[in-house]
Amino acid sequence: QPELSGAHLTLRPLRADDFEPLFAAASDRLLWALHPDPERYEREVFERNFFRPALPESGGTGALVVIDKATNTLVGSSRYYEWEPAHPSVAIGYTFLARSHWGGAFNRELKGLMLHHAFRYASRVWFHVGIDNLRSRRAMEKIGGQLSHVEPRDQSGRQVDNAYYFIDRDAPGIFA
């Protein structure tokens, strides 16, 4: 997995010992208010539905932690998944940032680092966003995501309608 670094953030592969600091960032109820899994701020739900499945020893691939370079604290996570070499495409998702890092340049930098890396291998990157998660949908549109369609996806054992956004490598104005 890559280690990526920008002006404000460093991304590195998720490790088992990241649980406590990552849960500290994720334990804010308001963080998940619009998310299809709104109880993810609860320790057991976060561990079962988010953290444990992302670990390499549980078969997870592509999970990264987001570290604020100024404070050296974990402030979120994101991951690559659904790599399709035949197309070639990959998805970026399971992304969250602590509310202290909402707004400003943090999400743009995070996605920019991940897109720049993904476009070394893929020509299209997909993002799956819960249909009612308007905050994340607006954030996708701010970074140039194009809405393709709405389709149900499994979310912790239940089907949830998701908006499918994409960004193509050759899209004008996308992160270079």
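Residues numbered from 1 in each chain as written. Predicted model: local features only at pLDDT ≥ 70, side-chain atom pairs only at ≥ 80, totals over all residues. Heavy atoms only, no water.

**Things to note about the overall build of the protein chain**
Note the threshold: Comment: elements are numbered from the N terminus, with helices defined as DSSP H or I runs of at least four residues and strands as E runs of at least two. When we talk radius of gyration, it's over C-alpha atoms, and the globule rule is simply 2.2 Å times the number of residues to the 0.38. Partly exposed describes any residue whose relative accessible area lies between the buried limit of under 20% and the exposed limit of over 50%, with all areas from a 1.4 Å probe on protein chains only and scaled to the type maximum. Residues are treated as being in contact if the distance between any of their heavy atoms lies within 4.5 Å. Under the convention used here, Asp and Glu are negative, Lys and Arg are positive, and both His and the chain ends fall outside the count. Lysine's charge is taken at NZ, arginine's at CZ, aspartate's at CG and glutamate's at CD.
Broken down by element type, the protein chain carries four helices and eight strands. Along the chain direction, N to C, the helices and strands of the protein chain fall in the order β-β-α-α-β-β-β-α-β-α-β-β. Relative to its length of 176 residues, the protein chain is compact, with a C-alpha radius of gyration of 15 Å against a globular reference of 16 Å. Referenced to the eigenvectors of the C-alpha coordinate spread, the extents of the protein chain come out at roughly 40 × 35 × 30 Å. Within the protein chain, buried positions represent 49% of all 176 residues. Of the contacts made within the protein chain by residues no fewer than 6 positions apart, 59% connect residues no fewer than 24 positions apart. Seen as two clouds, the 21 positive and the 22 negative side-chain charges of the protein chain have centres 4 Å apart.

**Examining the pattern of salt bridges**
Filter applied, for reference: We define a salt bridge as a side-chain nitrogen of Lys or Arg found within 4 Å of a carboxyl oxygen belonging to Asp or Glu.
Tallied over the full model, the rule gives nine salt bridges. For the salt bridge of D18 with R12, the shortest nitrogen-to-oxygen distance reads 2.7 Å. Taken as a pair, D18 and R12 share a single burial class, namely buried. Note that R153 and E82 form a salt bridge whose closest N and O atoms lie 2.8 Å from each other. Separated by 71 residues along the polypeptide, R153 in strand β7 (residues 146-155) and E82 in strand β4 (residues 73-84) bring together distant segments of the chain. In the salt-bridge network here, residues are joined through shared partners; they are R12, R15, D17 and D18.

**Focus on the side chain of Q155**
With respect to the secondary-structure elements, Q155 resides in strand β7. The class of Q155 is buried, set by a relative accessible area of 13%. Apart from residues lying up to four places away in sequence, Q155 is in contact with H35, P36, D37, R40 and V160.

**Observations regarding the packing of aromatic side chains**
So the rule is basically this: Two aromatic rings, drawn from Phe, Tyr or Trp (for Trp, its six-membered ring), form a pair once their centres lie within 6.5 Å of each other, and the interplanar angle then sorts them: stacked below 30 degrees, edge-to-face above 60, tilted otherwise.
In this structure the tally under the stated criterion is twelve aromatic pairs. Ring centres of W32 and F96 lie 5.2 Å apart, and the angle between their planes is 55°; this geometry places the pair in the tilted category. In this pair, W32 is assigned in the loop between α1 (19-26) and α2 (43-54) and F96 in strand β5 (residues 89-97), connecting sequence segments 64 residues apart. By relative accessible area, F96 is classed as buried at 4%.

**Observations concerning the environment of R48**
Along the chain, R48 falls in helix α2. The class for R48 is partly exposed, based on a relative accessible area of 39%. Each C-alpha atom of the pair R48 and D17 lies 15 Å from the other, and the pair is 31 residues apart in sequence.

**Some thoughts on the nonpolar core**
Where we set the bar: What makes a nonpolar core is a set of buried Ala, Val, Leu, Ile, Met, Phe, Trp, Tyr and Cys residues whose side-chain atoms join them at distances within 4.5 Å.
Core analysis: the biggest nonpolar cluster contains 46 residues, and L11, L22, F46 and F96 have the highest contact counts within it. Residues contacting L22, with those up to four places away along its chain left out, are L14, F46, F50, F51, V65, L74, G76, S77 and F96.

**Considering a positive patch on the surface**
Applicable threshold: Patch definition: residues with relative accessible area over 30% and no salt bridge; like charges joined within 9 Å; nonpolar side chains (Val, Leu, Ile, Met, Phe, Trp, Tyr) joined within 5 Å. Note that accessible areas follow from Shrake-Rupley with a 1.4 Å probe, and for residues the cover is restricted to the protein chains shown.
Together, R108, R135, R138 and K142 line one region of the surface with positive charge. A total of three residues in the positive patch trace back to one element, the largest contributor, which is helix α4 (residues 134-142). Position of K142 relative to the elements: it lies in helix α4. Using a relative accessible area of 65% as the deciding quantity, one classes K142 as exposed.

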